[in-house]
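Here are the chains, one letter per residue:
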Amino acid sequence: MYLFCQNTLKTDKEIIFEQTPLGQLQKALPIKSLSELLPKKKNKAGAPGWFTNEGMISLLFLQSYTQLSDRQFIDHFNGNWQMQMFCGIQLSLNQPIQDRNLMSRVRKQVSKSLDVEKFQKILIDHWKGDMADTHVGMTDATVYESWMRYPTDVKLLWECCEYLQGQIERFNDLLKIAASHKRYNKKKQEYLSYARRRKKPYRLTKKMRKSLIILAEKLIEKLQPKLNEVVRAGRSESFSSLFEKLRTIKEILVQQKYLLAHKGSKISDRILSLHKPYVRAIVRGKETKPVEFGAKVHMMQVDGINYIEHFSYNAFNESTRLKVSVIKHKQLFGDCLHWSADGIYATNKNRNYLSGQKIINNFVPKGQPKNDPQEKKIKALLNKERSTRLEGSFGVEKNYYGLAKVKVRKEQTEKLCIYFGVMTANAVRISQRKQRIPLKKAA
């Protein structure tokens with residue numbers, strides 16, 4: 001059965017879908033405008049892909065919304081007609097998607113070409129009509145942690161040795177060479193006995209680090225001629241990932257040698273993980289979690305909608321970003337009359353800038369406080385909004401949109417997941433506002 005609605009023919013299924021949460025979420029997203037940020041496929045050779053550019057953008061929003069892993073997402077997608085309609089596709093029962101790496105390839109393809117600044121601007125421009133109080137801005141910083149084991153020097157060095165040994169065994173199979181692993185197996189037993197100890201004294205840890213550095217160097221010496229022989233033989237395998245890992249391992253060994261030779265020294269770009277060398281330690285000073293490992297994000301919020309003003313895997317002082325945040329606020333929303341931020345932002349430079357722009361802020365006044373009840377009320381309201389609405393949104397994104405621990409292995413794809421998680425949370429807020437029925441005024 002077909003119904004005529006808004007000059008288009010719609011089936012009963014489409015009308016039912018529009019009333020579901022996914023249908024409401026789709027209405028809040030300018031999918032077509034966002035898909036124009038991706039390049040069109042020029043080469044039409046080969047089998048057609050499952051999804052268009054619009055479908056790939058919808059997939060990434062949908063995965064952030066469902067919080068499912070790649071395999072779970074494909075399993076649910078094959079049997080859920082609402083998820084399929086959200087992405088503009090209808091699968092038959094006889095032809096489900098069987099590619100378990102589909103989501104990984106979609107993330108990789110989108111991350112290569114998507115301009116996240118334009119991506120955010122298109123969404124904000126689309127949502128402006130449903131936003132009020134755009135003259136009030138708030139800022140704060142948070143860390144979206146990466147999925148990785150807690151880094152220690154011994155764990156990192158053993159991770160390198162384990163990877164090198166795996167590659168040596170791989171090349172031995174390719175070249176059909178039988179080799180002995182006595183040295184590696186002996187060191188593995190030593191590492192396991194060390195790891196099982198409840199107390200790890202400094203001398204034992206230092207000894208373990210030195211022995212693992214020697215083992216890693218020996219394994220590199222064994223791996224290099226095998227790699228050269230395979231490359232000369234003209235094997236078809238791609239070794240770009242291996243070369244990248246080898247460069248990372250050599251840099252790790254240089255850093256670890258320096259730290260052993262210079263006790264108490266620090267390295268600014270210290271590598272903490274072999275598989276995620278871009279991750280740095282972010283010292284937050286929190287009581288329960290003094291150090292976090294992931295991407296630090298400076299967030300700007302207007303009427304409950306978050307905008308990522310600055311993104312970095314290195315630590316930075318968020319108080320230096322206030323002026324840029326105010327400028328971006330004016331570019332996106334127009335006049336800015338009120339601003340709320342944490343106490344770390346209350347520097348003389350920021351105070352002077354906000355005063356020069358005639359922006360009312362929530363900073364504690366310096367010197368003799370003025371006895372102005374209206375000003376105190378405004379400051380208290382700004383403080384409450386920042387501490388509840390802005391900081392509360394961080395918890396919502398981490399707990400309900402897959403950002404508690406970002407489970408991807410590449411720098412660009414991890415950044416993409418964070419942007420899509422934050423924007424999916426914004427889209428849900430907008431869709432909920434659209435569904436609210438305005439209250440009738442009393443006569």
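Here the structure is shown first, and the text comes after it.
Cut-offs used in this document
Residues numbered from 1 in each chain as written. Predicted model: local features only at pLDDT ≥ 70, side-chain atom pairs only at ≥ 80, totals over all residues. Heavy atoms only, no water. Helix = DSSP H or I, 4+ residues; strand = E, 2+ residues; numbered from the N terminus. Buried < 20%, exposed > 50% of the residue type's maximum accessible area, 1.4 Å probe, protein only. Contact = heavy atoms within 4.5 Å. Areas by Shrake-Rupley, 256 points an atom, 1.4 Å probe, with all protein chains shown as cover. Lys, Arg positive; Asp, Glu negative; His and termini not counted. Charge placed at Lys NZ, Arg CZ, Asp CG, Glu CD. Expected span 1.5 Å × (residues − 1). Bend = angle between axes of the 7 residues up to and from the residue. Patch = residues over 30% accessible without salt bridge, like charges linked within 9 Å, V, L, I, M, F, W, Y side chains within 5 Å. Salt bridge = Lys/Arg side-chain N within 4 Å of Asp/Glu carboxyl O. Pairing = 2+ DSSP bridges.

Structural notes on the overall build of the protein
For step 1, the next point in the chain: Of the regular secondary structure elements, the protein holds 16 helices and eight strands.
For step 2, the next point in the chain: With respect to the principal axes defined by its C-alpha atoms, the protein has extents near 90 × 75 × 40 Å.
For step 3, the next point in the chain: The buried share of the protein, taken over its 443 residues, is 45%.
For step 4, the next point in the chain: Nonlocal contacts in the protein, meaning residues at least 24 apart in sequence, comprise 69% of its contacts between residues at least 6 apart.
For step 5, the next point in the chain: For the protein, the accessible area works out to roughly 25,500 Å², and carbon and sulfur atoms hold 51% of it.
For step 6, the next point in the chain: Side chains of the protein carry 81 positive and 42 negative charges; the gap between the two charge centres is 5 Å.

Quick word on helix H15 (residues 373-400)
For step 1, the next point in the chain: The end-to-end C-alpha distance of H15, which contains 28 residues, comes to 39 Å, matching closely the 40 Å that a straight helix rising 1.5 Å per residue would cover.
For step 2, the next point in the chain: Along H15, the helix axis deviates most sharply at Arg 386, where the bend reaches about 25°.
For step 3, the next point in the chain: Along H15, the residues that are buried comprise Lys 379, Leu 382, Arg 386, Leu 390, Ser 393, Phe 394, Glu 397 and Lys 398.
For step 4, the next point in the chain: Check the buried side of H15 and you find it contacts strand S3 (136-145), strand S5 (291-302), strand S6 (305-312), strand S7 (338-340), strand S8 (360-361) and helix H16 (411-435).
For step 5, the next point in the chain: Immediately downstream of H15, the backbone of Gly 402 shows phi near 75°, a positive value.

Overview of a positive patch on the surface
For step 1, the next point in the chain: Positive charge collects at one region of the surface, where Arg 183, Lys 186, Lys 218 and Lys 222 lie side by side.
For step 2, the next point in the chain: Only helix H10 (182-195) and helix H11 (202-232) provide two or more residues apiece to the positive patch.
For step 3, the next point in the chain: Take Lys 222: it is sitting in helix H11.

What to know about the pairing of S5
For step 1, the next point in the chain: With eleven of twelve residues buried, S5 lies mostly within the body of the structure.
For step 2, the next point in the chain: For S3 and S5, the ladder comprises eight bridges, and the chain directions are antiparallel. Along S5, the bridge assignment pairs Tyr 144 with Ala 295.
For step 3, the next point in the chain: Note that strand S4 (residues 280-283) and S5 share four bridges and pair antiparallel. Residue pairing across strands places Ala 281 opposite Phe 293, the latter belonging to S5.
For step 4, the next point in the chain: Between S5 and S6, which pair antiparallel one after the other, the connecting turn spans two residues, and Asp 303 there sits at a positive phi close to 55°.

Regarding the side chain of Glu 318
For step 1, the next point in the chain: Inspection of the secondary structure puts Glu 318 in the loop between S6 and helix H13 (322-333).
For step 2, the next point in the chain: Residue Glu 318 is classed as buried on the basis of its relative accessible area, which comes to 10%.
For step 3, the next point in the chain: Those residues in contact with Glu 318 that sit more than four places away from it in its chain are Ala 141, Lys 296, His 298, Ile 344 and Tyr 345.

Section: the pattern of salt bridges
For step 1, the next point in the chain: Here the structure, examined in full by the defined rule, presents 24 salt bridges.
For step 2, the next point in the chain: With a closest N to O distance of 2.8 Å, Arg 107 and Asp 70 form a salt bridge. Remark: Asp 70 occurs in helix H5 (residues 70-79) and Arg 107 occurs in helix H7 (residues 102-113); sequence separation between them is 37 residues. Taken individually, Arg 107 and Asp 70 each receive the classification buried, so the pair is uniform in this respect.
For step 3, the next point in the chain: A salt bridge links Lys 187 to Glu 190, with the shortest nitrogen-to-oxygen separation between them at 3.0 Å.

Observations concerning the environment of Asn 383
For step 1, the next point in the chain: By the element assignment, Asn 383 lies in helix H15.
For step 2, the next point in the chain: Residues Asn 383 and Arg 203 lie 180 residues apart in sequence; the distance between their C-alpha atoms is 49 Å.
For step 3, the next point in the chain: Those residues within four positions of Asn 383 in sequence are excluded, and the remaining contacts are Ser 340 and Asn 362.

As for unusual backbone geometry
For step 1, the next point in the chain: Phi at Gln 67 takes a positive value of approximately 60°, unusual for a residue other than glycine.
For step 2, the next point in the chain: Within the secondary structure layout, Gln 67 lies in the loop between helix H4 (53-66) and H5.

Considerations on helix H12 (residues 240-261)
For step 1, the next point in the chain: For H12, with 22 residues, the first-to-last C-alpha span of 32 Å sits near the 32 Å given by 1.5 Å per residue.
For step 2, the next point in the chain: Inspection of H12 places Leu 242, Lys 245, Leu 246, Thr 248, Ile 249, Ile 252, Leu 253, Gln 255, Gln 256, Leu 259 and Leu 260 among the buried residues, and these make up the whole buried set.
For step 3, the next point in the chain: Contact partners of the buried residues in H12: helix H9 (153-175) and H11.

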